[in-house]
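Residue strings, one per chain:
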Amino acid sequence: MGRRGSVILAGALLCLAATASWADLAPYTQDFEGLDQGNPGALAGDGWLVFANVFSPDGTVYYYGYGPFPAPNWGPPFAFSTIGAGEGGLQQGDQQLVTYSDYNNGDHANGFLIEANVFQEQIIGAADVGSTWLFEFDAKRGNIAPDTTAMAFIKTLDPNAGYALTRFFTVDTTDLPDTWDSFSLSIFIDPDLVGQILQIGFLNTTTFYTPSGVFYDNINFELAVPVSLDIKPGSCPNPLNVNSNGDLPVAILGAADLDAGTIDPASIRLAGVAPLRSDYEDVGTPFDPYLGREDCEFDCNEMESDGFMDLTFKFDRQELADALGAADGECIVVGMTGNFWPAYGGGRIVGEDVIVIIDRAATTRTPTDGVIPTIVDPGDIANQPIKRRR
């Protein structure tokens, strides 16, 4: 599906957390079924916080911020968040989280941009270094109007540097359909992040009291094992012709420390798309980085068999192209998630690889050489942003 690009406002780094305490990261899961929809403190009691940043109408000047405060549930006045009901599918159940703007802020009437953040937070400890954490959630469109933007995020803030934003990974949730879909983000914990605040959550930006609601559910934050993913093994760059039918080959590359047979093939999703079929074959050689790939020319390789069995897949090209919703010439970082078999612990795995979109029907093409991405989704800053799809 297509996603509209969002303006990442500088104040997104200002979700300050004065009350956080030192601890190692812990898993978190929430489907909102056990929370009391009628209790105004239900979200706050589950650890949800809110913070707002306010900008000039064109988004170029930061005016002020306020928070963090315990996340509200219901209103009036309606502000930031509530527990909704009756919008779930089979996988979502009866209750969901709804996030929207702070409509209690009178500066809506002045045309100021109100960025509303709703999030969970923890402090990164020394024991977390070297680990990879996966943030997964379901989402669908709520009452959101044009000119409003929305996104999910993982961010880290350094309290010893004025709460400077040090990592900011996002998924754009502005243009979701009215049906539920699943998304994920991941973060690798580097040594420089020890003592910093890690937040997972959602934000939207709007003004003039414009509708801004998005539904979220089945939130999960847990450890994951990074694996080497190779789209079109033996090829670099990796083109995806969106006008071509047929199958796209993909492999999870086995290694001395990864037996591909321990992974459940049915659990694999590539940008949310399930494989058509799977097999075992030695087709490629793992290469670094497993996560944080950025360049469609250099973050791939042409190495073939290495003596270790790989888990291979075929994906439907058109289904994947529809999920990516990308334009001709775009460099896309495509994310993969899955599970180990229960007999091997049943833990989560995560990987990513880069592809270049080829749309022969397009009248113009965008150069992909030297594309450097922006720090949004597992990304970093760019002249021309790389898109990431999970």
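Scroll up for the structure.
Residues numbered from 1 in each chain as written. Predicted model: local features only at pLDDT ≥ 70, side-chain atom pairs only at ≥ 80, totals over all residues. Heavy atoms only, no water.

Caption draft 1: Molecular detail of unusual backbone geometry. With an omega of 0 degrees, the peptide bond running from C236 to P237 counts as cis. Within the secondary structure, P237 sits in the loop between β13 (229–231) and β14 (239–241). Note the cis peptide between D288 and P289, where omega equals -5 degrees. With respect to the helices and strands, the residue P289 is situated in the loop between β17 (277–281) and β18 (310–316). If you check the backbone angles, K232 has positive phi at about 55 degrees while not being a glycine. Within the element layout of this structure, K232 appears in the loop between β13 and β14. (Helix = DSSP H or I, 4+ residues; strand = E, 2+ residues; numbered from the N terminus.)

Caption draft 2: Fine view of the layout of surface pockets. The space that makes up the second largest pocket amounts to roughly 370 Å³. If you trace the second largest pocket, you find 20 residues lining it, with E136, S182, R269, T337 and R348 closest to the centre. Elements supplying a minimum of two residues to the lining of the second largest pocket: β7 (132–144), β10 (181–188), β12 (212–226), β16 (263–270) and β19 (331–340). Residues of the lining of the second largest pocket, tallied by class, amount to 4 nonpolar, 9 polar and 7 charged. (1 Å grid on protein atoms, 1.4 Å probe; cavity = no way out; pocket = protein on both sides within 12 Å on 5 of 7 lines; lining within 4 Å. Points joined across faces, edges and corners; volume = space filled by probe spheres on them. Nonpolar A, V, L, I, M, F, W, Y, C, P; charged D, E, K, R; others polar.)

Caption draft 3: Structural detail: the state of the cysteines. Scanning all chains against the criterion turns up 2 disulfides. There is a disulfide in this structure between C236 and C300, and the S-S distance comes to 1.9 Å. Around the S-S axis, the bridge from C236 to C300 shows a dihedral of about 65 degrees and counts as right-handed. Of this pair, C236 sits in the loop between β13 and β14 while C300 sits in the loop between β17 and β18, and the two are 64 residues apart along the sequence. (Disulfide = S-S within 2.5 Å.)

Caption draft 4: Representation of the pairing of strand β15 (residues 247–252) within the structure. Where β13 and β15 come together, 3 bridges link them in antiparallel fashion. What sits directly across from I231, in β15, is V250. (Pairing = 2+ DSSP bridges.)

Caption draft 5: The sheet that holds strand β8 (residues 149–158), seen in detail. If you walk across this open sheet you meet the 6 strands as β3-β2-β6-β11-β8-β9, and the pairing is antiparallel. The strands lining the two open edges of the sheet, one partner per strand, are β3 (62–70) and β9 (164–172). Sheet twist, expressed as the mean angle between neighbouring strand axes with direction ignored, is 25 degrees. Note that β8 and strand β11 (residues 197–206) share 9 bridges and pair antiparallel. The partner of M151 across the bridge, within β11, is L203. (Axes fitted to C-alpha atoms, helices over the stretch in contact; angles between N-to-C directions.)

Caption draft 6: Examining the nonpolar core more closely. W48, F135, F137, L198, F202 and I219 are the most contacted members of the largest nonpolar core, which has 44 residues in total. Tallying contributions element by element places β7 first for this core, with 5 residues. Counting 30 residues, the second largest nonpolar core, distinct from the first, contains L248, L270, F340 and I349. (Core = buried A, V, L, I, M, F, W, Y, C linked by side-chain atoms within 4.5 Å. Buried < 20%, exposed > 50% of the residue type's maximum accessible area, 1.4 Å probe, protein only.)

Caption draft 7: Local environment of the packing of aromatic side chains. Overall, the coordinates contain 16 aromatic pairs when judged by the stated rule. Between Y28 and W48, the aromatic rings sit 6.2 Å apart at their centres with planes inclined by 80 degrees, giving edge-to-face as the arrangement. Of the two residues, Y28 is situated in strand β1 (residues 28–30) and W48 in the loop between α1 (42–45) and β2 (49–55); the sequence distance between them amounts to 20 residues. Here the aromatic rings of F137 and F202 are separated by 5.5 Å at their centres, their planes lie at 80 degrees, and the arrangement is edge-to-face. (Phe/Tyr/Trp six-rings, centres within 6.5 Å; stacked < 30°, edge-to-face > 60°.)

Everything listed here is a matter of geometry and, on its own, says nothing about what the molecule does.
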